[in-house]
Amino acid sequence: MKSLFGRRSAIVTVVIAAALILSGCSKSVNDSAGGASGDCGSWAIAMHAWGGYTASAQVVAEVAKQELGCTITQTTLDEGPTTYDAMEAGTIDVVIEDWGGGRWKDWTDRGAVVEAGENGNIGIIGMYVAPWMVEKYPDITDSKNLNKYAALFKTADSGGKGAWFEGPAGYTTIGEKMVAANKLNFKVIFSGSEAALVDGFLNAEKNKTPFIGYAWQPWTLHSKLPTLEAARVNFPANDWSDPAKASGLTDYPSTPLIKLISKKLNDANDPFTSLVKNFKWTNADQNGVAADLEGGMTAEEAAKKWIAANTATVNSWLGK
Amino acid sequence: MKVRKSYLLLASVTVWILLGRLLHGKNTLQIDTYENTSFTSFVGQKALDLRGNRTESPAFIYFFNPIRGAIDGFVQVIRNLIAVPAPNSVIPVIGWLGVVGLIAFAVYATSQWRTALLSVSLLLACGALGMWQFTMDSIAMTLAAVLLSLAVGIPLGIWAGLSDRVLKIVTPFLDLAQILPTLVYMAPIALVFMIGAASATIATMIYSIPIAIRITSHAIRNLNQSPIEAAESMGSTQKQTLTKVQIPMAKQMIVLGINQTVMAAVSFVVVAALIGAPGLGKPVIEALIIRNVGQGFVAGFAVVFLAILLDRSTSAAAKRQDSFIPPTEKQIKIKRITLIVSAVLAVISVFLSRTMLWAAVWPKEVTIAPQVAKVTNNATGWILENLTIFTVGFKDLISYSILNPLESQLSASPWYVTVAMIVALALIIGGVRTAILAFVLAMAIVVSGLWYEAMLTLTQTIVGCLLTMIVGIALGIWTGRNDRAERVLRPFLDAGQTLPAFVYLVPMLGLFGPTRFTAIATGIVYAIPVVVKIVCEGIRAVPHSLVEAATAAGSTTRQIITKVQLPAAKKTILLATNQGLIYVLAVVVIGGFVGAGGLGYLVIVGNSKPELQGKGLIAGAAILLLGVIFDRIMQAGARRSS
């Protein structure tokens, strides 16, 4: 039996080898289908996890494919250093939206990553309560009154204080600093994912349970909870001019969102390079596409819909 | 002796609780998440330098980067073959029909037609789930990692099988690799080899090589010695004995090792996506992020199908030789003819898959993914709608009754009190050497500056393990005593072991919200199958004569279980507890993604915030230290109880 086993392995090997040789000789579908054409190269866009990012990245990808004939790969990976490393390694070429406020400095300093301007979206981060609470406790949106309501926010996990649901790990988060600087009786819970926050806000609104969590603009949740923006807690403004002072942070600043490209893409001067550099749209644009995504459209469909409705903007990116 | 030991344990726990109450809140070593100690910022700076050095340092230019390049290239070749468009092409070298044909033929040739049929249906199911390309990517990644693992593992295993010294040197590393939570070594690997297929392959290899080494050396060591002695007495050289006698004799066991290596690599498919592995992990992780339970399950099912496919096809190849009845002339002839026919069919399918578009790219219309996603979404929607009151109630009950008191005991006591407690436990359960080891490791965590977070993770692991053992021992006893129960439960246990924890992390998040308990519950689901299996085997291994004697003496079923079977299986149960702890720990740290905090969150945040990178790396090391402390104490306890 042992020899038979050996022989069968040999047979399998021979047949697979034969199939491979045959496949090498036979005319492939590809020859008739024709590869990607045009003078645009083959590029990789980083796909970060949040809905708004997907909207921007997909629109750029669709325009590049349809109008420029580029070959676009979309790779899902974590934002921040992970992505910058991948850009340095040459596996990622575009980050279409980075909130990180200069965390890429080490990489841009040595020329591995290049800033490609603002993408037109303005990022606003803040702490928001469940919208129903504003009606019931009108003064809750003033941070000075938060401690008065802290007991409402208690959960099994918050150690007797109010539960403060922080944003996902990769996002700009200063919850602990805000709690300390504003002397709040809250415990920061690292909710870990956007999904947890979406759930948190929606369930709180539905069941009229107290909730305070990290939220931002542009974000798809606003289309589901139109009253959310009014539920933003106002903290005393803080001084961002001096980074050293900023450790006593009291609130998030608003951030123009930045595009980053790899050195390779920057040097290539490809049609895709100028598309990415020219890409710019508004929070409303992004929210529209993201809402379609949320509504069950695939990213491709949502992006194509927006592109068809906004030819003028698209043409301006293409320099037409 | 036994009584004294349990009194000692009770006494030290009491002292610990009293001291903890007395000194509550003192010397807890708590620092804010964004804060660095001088040690963590030092490590962070080193890590940043390392990133900067990638293009300059000789270690990178002449060592790491070539390795990365070679592995990346190797993976890419396999991917081009079956998964992604080959260079200058829009389709892979072999399209889906060709892959199905070839796998069917290969499985048929090495085992039976039934296994071949099963393999084909599983492959088609993956395609129908809309996961064809992801599945092929995962197969390519698994294949690359397994081939490389075997290339390293089998020779090393043979060497360790022949030489006691080598075995002694590699064993600690093998032990360490087995308790290493996967989340821990991904960051360091990605730091050196960067995000991508190479890092993912290397991370998978670290997980699967130890298994190849272990089983191969075991196979060589446990051979019947007489043929070897005969060969030696006839004057064979050592090399001849090895290649002509030992390896052929150990072959079947080594094939089993290949099977286990493949399974280890498959179980890594999802986690590897965190460091850029192409394949099924991608949709699973995306589903977690956008909380699409349906999508998570669709991809998760594909992972399970893939695991079953690879398991059955490789284990069938190993088992096939078990039959002692030689095939008749006619059977051989039939097999030969069908083999030729299927070979021809396989070749035709490859040919078609290169010439016809429908056979090259999986037709998008053939899909059941939306239906599957809808059904699971509806089911979870219903569960969330109706059961959340209960699940949240249960979560709160556990949180207030066990989790919070234990957490406050562990994290709000002074560090030296808890270290003393751990050392005392190690001393009582494991003896002096274990105690010294526990002391050194615990102090290392203290020095790292992450003691507070380690205590949070420790709390969750202990609570998770406790609940796991309650369920696991109950089910283990049931399946151990009842064949039918075992048969009914087995498929669920197998599926539970292959379904990636990330898949049910999503519904858990829905059930329990972003809390510590979500991580604990996920850890429990992940650990229960292995605990049940070990306990079940332990109960079955209890000699029948013991049970019969007890029955004859008129014991009730309950008495038999508590007085005979459980005490006799004590060692196995301790080992099961150890496995439970390690498994729960491995998943609890993933809980950082769902609000569990602790060391796992630091690892995750360290990956995405450069200023916390050092802290993340140290947190990974601290998780490992915790794991080793658990493992050493429990192993020593198990050794002593036998």
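Given the structure is predicted, the values throughout are model-derived calculations rather than measurements.

This next bit is on the domain arrangement of chain A. Residues and elements named next belong to chain A. Domains assigned within chain A are domain 1 (38-122 + 255-318) and domain 2 (123-248). Using C-alpha coordinates to define each centre, domain 1 is positioned 29 Å away from domain 2. Here the side of domain 1 that touches domain 2 gets 6 residues from one element, more than from any other, and that element is helix α13 (residues 283-294). In the side of domain 1 that touches domain 2, the residues fall into 7 nonpolar, 10 polar and 3 charged.

All names here are of chain B. Relative to the elements of secondary structure, Thr-572 occurs in helix α26 (residues 570-588). Exposure remark for Thr-572: the 23 C-beta atoms within 10 Å place this residue in the buried category. Sequence separation of Thr-572 and Glu-537 is 35 residues, and the distance between their C-alpha atoms is 8.3 Å. If near-sequence neighbours (up to four positions away) are discounted, Thr-572 is found in contact with Ile-534, Val-535, Glu-537 and Gly-538.

What follows concerns helix α7 (residues 164-179) of chain B. When the terminal C-alpha atoms of α7 of chain B are compared, their 23 Å separation across 16 residues agrees well with the 22 Å that a helix rising 1.5 Å per residue should span. Bending of α7 of chain B peaks at approximately 35° at the position of Val-170 of chain B, with proline Pro-172 of chain B no more than four residues after it.

As a further point, take the nonpolar core. With 296 residues, the main nonpolar core has Ile-45 and Val-60 of chain A together with Ala-272, Ala-302, Leu-306 and Leu-505 of chain B as its most contacted residues. Composition of this core by domain shows at least three residues from each of domain 1 (38-122 + 255-318) and domain 2 (123-248) of chain A. Look past the residues within four positions of Ala-302 of chain B in its chain and what remains in contact with it is Cys-126, Leu-129, Met-131, Phe-134, Thr-135 and Leu-280 of chain B.

It is worth spelling out the pairing of strand β7 (residues 212-217) of chain A at this point. Residues and elements named next belong to chain A. Along β7, 6 of the 6 residues are buried, which leaves the element largely enclosed by surrounding structure. As paired elements, strand β4 (residues 113-129) and β7 share 6 bridges and run antiparallel to each other. Its bridge partner being in β7, Ile-125 is matched across the sheet by Trp-216.

Attention shifts here to helix α19 (residues 432-448) of chain B. Residue and element names in this part refer to chain B. The end-to-end C-alpha separation of α19 is 24 Å, in line with the 24 Å expected for 17 residues at 1.5 Å each. If you check which residues of α19 are buried, you get Thr-434, Ala-435, Ala-438, Leu-441, Ala-442, Ile-445 and Ser-448. Buried residues along α19 cover an arc of 150° about the axis, so they all sit on one side. What points out from α19, more than 90 degrees from its buried face, is the exposed set Val-432, Arg-433, Val-440 and Val-447.

What you tend to see is this: most non-glycine residues have negative phi, and most peptide bonds are trans. The linkage connecting Gln-217 of chain A with the following residue, Pro-218 of chain A, adopts the cis geometry, with an omega of -5°. Locating Pro-218 of chain A in the fold gives a position in the loop between β7 and α10 (221-224). One non-glycine residue, Asn-269 of chain A, adopts positive backbone phi at about 50°. Residue position: Asn-269 of chain A is located in the loop between α11 (263-268) and α12 (271-278). Using a count of 9 C-beta atoms within 10 Å as the deciding quantity, one classes Asn-269 of chain A as exposed. If you check the backbone angles, Leu-29 of chain B has positive phi at about 60° while not being a glycine.

Once that is clear, we can look at the environment of Ala-203 of chain B. Residues and elements named next belong to chain B. Of note, Ala-203 is situated in helix α9 (residues 197-221). On the basis of neighbour count, Ala-203 is assigned to the buried category, with 24 C-beta atoms found within 10 Å. With 162 residues separating them along the chain, Ala-203 and Glu-365 place their C-alpha atoms 36 Å apart.

Cut-off values and rules
- Residues numbered from 1 in each chain as written.
- Chains lettered and ligands numbered in written order.
- Predicted model: local features only at pLDDT ≥ 70, side-chain atom pairs only at ≥ 80, totals over all residues.
- Domains from an automatic or database assignment.
- Helix = DSSP H or I, 4+ residues; strand = E, 2+ residues; numbered from the N terminus.
- Nonpolar A, V, L, I, M, F, W, Y, C, P; charged D, E, K, R; others polar.
- Buried ≥ 20, exposed ≤ 12 C-beta atoms within 10 Å, placed from the backbone.
- Contact = placed C-beta atoms within 7 Å.
- Expected span 1.5 Å × (residues − 1).
- Bend = angle between axes of the 7 residues up to and from the residue.
- Core = buried A, V, L, I, M, F, W, Y, C linked by C-beta atoms within 7 Å.
- Pairing = 2+ DSSP bridges.
- Arc of directions from axis to C-beta.

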